[in-house]
Amino acid sequence: WVPMFHYSDDAWCFEREATISSAWYCWTFLNKLVGWVLDDAKSLPPAEIVRLLGASLSVSVPRPFARLPEDKVQSLVEDIDLALTSNRLTSAEAASLRGRLSWARSFLFGRYGCAALVAFRNRQYDSTGAFALSPALVSALRWFRRMLRDGVQRDMFFDAPSRRFIVTISD
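Residues numbered from 1 in each chain as written. Predicted model: local features only at pLDDT ≥ 70, side-chain atom pairs only at ≥ 80, totals over all residues. Heavy atoms only, no water.

Colleague: What is the right way to read the side chain of Arg123 from this model?
Modeller: Take Arg123: it is sitting in helix H4 (residues 118–124). Although Arg123 lies buried, it forms no salt bridge, and the closest oppositely charged side chain, Asp126, sits 4.1 Å away as judged by the N-O distance. Within the local environment of Arg123, its side chain forms a polar contact with the backbone oxygen of Phe131, the two atoms lying 3.2 Å apart. Setting aside residues up to four positions removed in sequence, Arg123 forms contacts with Leu89, Thr90, Ser91, Ala94, Ala130, Phe131, Ala132, Ser134 and Leu137. (Helix = DSSP H or I, 4+ residues; strand = E, 2+ residues; numbered from the N terminus. Buried < 20%, exposed > 50% of the residue type's maximum accessible area, 1.4 Å probe, protein only. Lys, Arg positive; Asp, Glu negative; His and termini not counted. Salt bridge = Lys/Arg side-chain N within 4 Å of Asp/Glu carboxyl O. Polar contact = N/O pair within 3.5 Å; in protein donor to acceptor, adjacent residues only side chain to side chain. Contact = heavy atoms within 4.5 Å.)

Colleague: Would you mind going over the packing of aromatic side chains with me for this structure?
Modeller: The geometry of two aromatic rings is summed up by the distance between their centres and the angle between their planes. A full pass over the atoms with the stated rule returns 3 aromatic pairs. Between Tyr25 and Phe29, the ring centres sit 6.0 Å apart and the planes meet at 10 degrees, which makes this aromatic pair stacked. With Tyr25 and Phe29 both in helix H1 (residues 17–34) and 4 residues apart, the pair spans about one turn of that helix. Plain terms: the ring middles of Phe120 and Phe144 are 6.2 Å apart, the flat faces sit at 65 degrees to each other, and that makes the pair edge-to-face. Pair noted here: Phe120 is in helix H4 and Phe144 is in helix H5 (residues 135–149), with a separation of 24 residues, a long-range link. According to the relative accessible area criterion, Phe120 is buried, its value standing at 0%. Through a chain of ring-to-ring contacts, the aromatic side chains of Phe120, Trp143 and Phe144 assemble into a single cluster. When the ring centre of Phe131 is taken as origin, the NZ or CZ atom of Arg88, which lies over that ring, is 4.4 Å away. (Phe/Tyr/Trp six-rings, centres within 6.5 Å; stacked < 30°, edge-to-face > 60°. Lys NZ or Arg CZ within 6 Å of the ring centre and 35° of its normal.)

Colleague: How do you make sense of the pairing of strand S4 (residues 55–58) when you look at a structure like this?
Modeller: Across a regular strand the side chains alternate sides, sitting on one face of the sheet and then on the other. Side-chain alternation along S4 places Ala55 and Leu57 on one buried face and Ser56 and Ser58 on a second face that is also buried. Here S4 runs beside strand S5 (residues 65–67); their pairing, made up of 3 bridges, is antiparallel. Considered in S5, the bridge of Leu57 is made with Ala66. (Pairing = 2+ DSSP bridges.)

Colleague: Explain the nonpolar core here, please?
Modeller: Within soluble globular proteins, side chains that are nonpolar tend to cluster in buried spots. Counting residues in hydrophobic clusters, the biggest one holds 26 residues, and the most contacted among them are Leu89, Leu97, Leu101, Phe120, Phe144 and Leu148. Broken down by secondary-structure element, the contributors of at least two residues to this core are helix H2 (70–86), helix H3 (91–108), H4 and H5. Among the elements that line this core, the one with the most residues is H5, at 8 residues. (Core = buried A, V, L, I, M, F, W, Y, C linked by side-chain atoms within 4.5 Å.)

Colleague: What is the right way to look at unusual backbone geometry in this model?
Modeller: Excluding glycine, residues mostly have negative phi values, and the peptide bonds linking residues are mostly trans. Phi at Asn87 takes a positive value of approximately 55 degrees, unusual for a residue other than glycine. Mapped onto the fold, Asn87 is located in the loop between H2 and H3. For Asn87, a relative accessible area of 38% corresponds to the partly exposed category.

Colleague: Quick question: what am I supposed to make of the environment of Lys72 here?
Modeller: Among the structural elements, Lys72 can be located in helix H2. In this structure Lys72 comes out as partly exposed when scored by relative accessible area, which is 33%. Among residues more than four places away in sequence, those in contact with Lys72 are Arg51 and Gly54.

Below is the structure:
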């Protein structure tokens, strides 16, 4: 069977292609009957690849994976290039970049790359007001740029056909 994925506001659904469209329709129709308002941007029709939590998730058999969407990769690469060409990174910029790269790293590389974030943390909490790039920052920026441009994706290991239904609700 072909697995499909659906996300409707705070509920995630993973089920067979043969039934997911009718389940999604029933869910959205029920919400209208009850008077609940669904955010259409958060209740997209079912698909094999969905954008969720800022990443693209694929439940395609036989190799489910996660990857950053190209617009997020491009945005990160542009900010890294700006820092490298200008040879400067303020503590506020380091904090912002550290957060964004930390999420990308944990989502795609796991613990791999954690050491590259140390240079950003050091700049973020640097009280001297330095903004010129240190050798450690240059190295970390180049490493992240290379990893992002290589189009890394993270395989998700699970046996999709053995799964029947998964729902999580934040409430």
